[in-house]
Amino acid sequence: MDGMRVGRVSRGARADLTVPPGVHEVRATIDCTGSETVRVEAVVGRPVHLTVEPGGNASQFWHVLTRGRYLRLSVD
């Protein structure tokens, strides 16, 4: 979040993090690749739910070579 590592989540798991209110840029990473950056607004008392999932399938191996499309990060 905002260029800093703030948490870690395992496959199939969930992470609950408390972050300061405001607009933040969030990116999920794995090894040297990850997702594109998503802007989210954190408001006191209102949870923000993000989902991380694969950005493609096994036949789309080129995703591994890109910095921002191997994972898909979405705001629910």
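Being a predicted model, the structure only gives us computed values, none of them experimental. (Residues numbered from 1 in each chain as written. Predicted model: local features only at pLDDT ≥ 70, side-chain atom pairs only at ≥ 80, totals over all residues. Heavy atoms only, no water.)

Q: I keep staring at the overall build of the chain and nothing clicks. Help me out?
A: Each helix and strand in the chain was counted, giving zero helices and six strands. Reading the chain from its N terminus to its C terminus gives the helix and strand order β-β-β-β-β-β. In the chain, which comprises 76 residues, the proportion classed as buried is 20%. Taking all contacts inside the chain whose residues are at least 6 apart in sequence as the whole, residues at least 24 apart take part in 40%. Carbon and sulfur atoms make up 52% of the accessible area of the chain, which amounts to about 6200 Å² in all. (Helix = DSSP H or I, 4+ residues; strand = E, 2+ residues; numbered from the N terminus. Buried < 20%, exposed > 50% of the residue type's maximum accessible area, 1.4 Å probe, protein only. Contact = heavy atoms within 4.5 Å. Areas by Shrake-Rupley, 256 points an atom, 1.4 Å probe, with all protein chains shown as cover.)

Q: In this structure, what is going on with the confidence of the model for the chain? I would like to understand it.
A: Segments scoring low in pLDDT should not have their predicted coordinates read at a detailed level. Of the residues in the chain, 82% have a pLDDT of 70 or more, and the chain-wide mean is 83. When pLDDT is averaged over each helix and strand of the chain, the minimum, 83, is found for strand β3 (residues 33-34) and the maximum, 96, for strand β1 (residues 22-26). (pLDDT = per-residue confidence, 0-100.)

Q: What is the right way to read the pairing of strand β4 (residues 38-42) from this model?
A: One face of the sheet, then the other: side chains in a regular strand alternate in exactly this way. Because side chains alternate across β4, one face comprises the buried residues Val38, Val40 and Ala42, and the other comprises Arg39 and Glu41, none of which is buried. Relative to β4, β1 runs antiparallel, the two being bridged by five bridges. When the bridges of β4 are listed, Glu25 appears paired with Arg39. (Pairing = 2+ DSSP bridges.)

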